[in-house]
Amino acid sequence: MRVRLTSDTASGGPGPRAMLVERLAPRTVPDALVTARDLGVLELGALERLAAREPAADALLDRWEALATLGAVDLGAARVVEPHLDALSILAEAKATATADAGSLDRDPAAVWGVFAAEGGDEPLRARPTAHGWRLDGVKPWCSLAGILDRALVTAHLDDAGTRRLFAVDLRAPGVAVAEGAWAARGLSEIPSGPVRFADVAAEPVGADGWYLQRPGFAIGGTGVAACWFGGAVGLARSLHSALAARADAHGLAHLGAIDEQLEAARLVLADAARRAPGADRATARILAKRVRATIARTCDDVLARTARALGPAPLALDAEHAKRVADLQLYVRQHHAERDLASLGEALTASEAPW
């Protein structure tokens, strides 16, 4: 069943219009729950075309609906597809603003991409210009599926002042070493996200110094992750709905009603963001994205708590599919940094007049 962000069902059809993973998931998530039978007619290429074009409202809506639909079935598969689409969107934005050479970045259209932009550790990734182009040295943390992906967009420091630049790298090039055994997570266990060491690795710059963080699409790009979270919450809500349809009790029905109220509010927030984001200036887009992520994260936390209280321990202990959904969502939604991200939203709001 497709997860819809708008109430318009006239364009219906059997399952989602544009999804999967026929190239990505079988290769990166061998135990994915997603099948063509589950999701209907699936085509990753249609999603890739959406990601690679100007982010108009209809394109964002279709993309987020697709990610939510995938997340409702298998959050691990959504975790694979989202950064691939994000990378294609970033590359399209770079080309549209004449900050990258389209030919050099598109020579392998079948490549599966990741985006590695987290910072931390004692050996931050650094970029240096040489007579033969840019080279990368250091360690990049939180590199999801680096041992399986073809290419990635990575941020690297240029100097001690903290200036960063985005680069495209071939993850199969000499000098790329993926740390083994670093991923101990029970959630998203099939999506290892450990450190990668780069030693004199060739890289192609994408955008000017600081462009990655300053570009208009930076904030909205993070909202695709929230669409995946939303799908994960929908998957849990469907499990509770099925259980109560078979055997209802008053407390479970109260939890289901509360979950419905929150999912409906979250759905409207995502749909509104898809409408307002295209053309928004950087400050407005930043606030919009932070609001959406905070709303969806709070919804996920409550859905996790309510489904656990309504269903009890049995499905967590005896239903492998349900237990995986819970573990996946618990880990994935922690990409929202709770009070730290709320404080960041508050800081952004105080830069101008109160918006309410």
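Residues numbered from 1 in each chain as written. Predicted model: local features only at pLDDT ≥ 70, side-chain atom pairs only at ≥ 80, totals over all residues. Heavy atoms only, no water.

Novice: Before we go on, may I ask you to explain the pairing of strand β1 (residues 113-116) in this structure?
Specialist: Each regular strand carries side chains that alternate between the two faces of the sheet. Burial of the side chains of β1 extends over both faces: Trp-113 and Val-115 are buried on one face and Gly-114 and Phe-116 on the other. Pairing geometry for β1 and strand β4 (residues 151-157), over four bridges, is parallel. Note on β4: the bridge partner recorded for Trp-113 is Arg-151. (Buried < 20%, exposed > 50% of the residue type's maximum accessible area, 1.4 Å probe, protein only. Helix = DSSP H or I, 4+ residues; strand = E, 2+ residues; numbered from the N terminus. Pairing = 2+ DSSP bridges.)

Novice: It is not clear to me how the packing of aromatic side chains should be interpreted in this structure. Could you clarify?
Specialist: Inspection of the entire model under this criterion finds four aromatic pairs. Between the aromatic rings of Trp-134 and Phe-167, the centroid separation amounts to 5.3 Å while the plane-to-plane angle is 55°, which identifies the pairing as tilted. Highlighted residues: Trp-134 in strand β3 (residues 133-144) and Phe-167 in strand β5 (residues 164-170), separated in sequence by 33 residues. Since its relative accessible area comes to 0%, Phe-167 is described here as buried. Ring centres 6.5 Å apart and planes at 90° place the aromatic pair Trp-229 and Tyr-332 in the edge-to-face group. A residue pair is termed long-range when its members are at least 10 positions apart, and Trp-229 in helix α9 (residues 223-246) and Tyr-332 in helix α13 (residues 320-332) qualify at 103 residues. For Trp-229, a relative accessible area of 0% translates into the label buried. The ring of Trp-211 has Arg-215 lying over it, and the distance from NZ or CZ to the ring centre is 5.8 Å. (Phe/Tyr/Trp six-rings, centres within 6.5 Å; stacked < 30°, edge-to-face > 60°. Lys NZ or Arg CZ within 6 Å of the ring centre and 35° of its normal.)

Novice: Explanation requested: unusual backbone geometry in the structure shown.
Specialist: Keep in mind that most residues, glycine aside, have a negative phi and that most peptide bonds are trans. Positive phi outside glycine occurs at Trp-142, with the angle close to 55°. Take Trp-142: it is sitting in strand β3. The backbone of Asp-200 sits at a positive phi, close to 55°, despite the residue not being glycine. With respect to the helices and strands, the residue Asp-200 is situated in strand β7 (residues 193-206). Exposure remark for Asp-200: the relative accessible area of 37% places this residue in the partly exposed category.

Novice: Would you explain the pairing of β7 in this entry?
Specialist: Sheet analysis places β3 next to β7, joined by nine bridges and oriented antiparallel. Of the residues in β7, the one forming a bridge with Asp-137 is Ala-199. With three bridges joining them, β5 and β7 adopt antiparallel strand pairing. When the bridges of β7 are listed, Ala-168 appears paired with Glu-204.

Novice: For this particular structure, what's the right way to read the confidence of the model for the chain?
Specialist: Interpretation of this model should avoid reading the predicted coordinates in detail wherever pLDDT is low. For the chain, the mean per-residue pLDDT works out to 84, and 83% of the residues sit at or above 70. This model gives residues 9-42 a pLDDT under 50, and the stretch forms 84 contacts once residues within four places in sequence are excluded. (pLDDT = per-residue confidence, 0-100. Contact = heavy atoms within 4.5 Å.)

Novice: Please clarify how the nonpolar core should be interpreted in this entry.
Specialist: Formed by 91 residues in total, the largest nonpolar core has its most connected members in Leu-136, Phe-198 and Phe-230. Looking at this core element by element, the count peaks at twelve residues for α9. Setting aside residues no more than four positions away along its own chain, Phe-230 makes contact with Val-3, Leu-5, Ala-68, Leu-263, Ala-266, Arg-267, Leu-270, Ile-296 and Cys-300. (Core = buried A, V, L, I, M, F, W, Y, C linked by side-chain atoms within 4.5 Å.)

Novice: Would you explain the side chain of Thr-307 in this entry?
Specialist: Locating Thr-307 in the fold gives a position in helix α11 (residues 282-311). Given a relative accessible area of 2%, Thr-307 falls into the buried group. A distance of 2.7 Å separates the side chain of Thr-307 from the backbone oxygen of Val-303, its partner in a polar contact. (Polar contact = N/O pair within 3.5 Å; in protein donor to acceptor, adjacent residues only side chain to side chain.)

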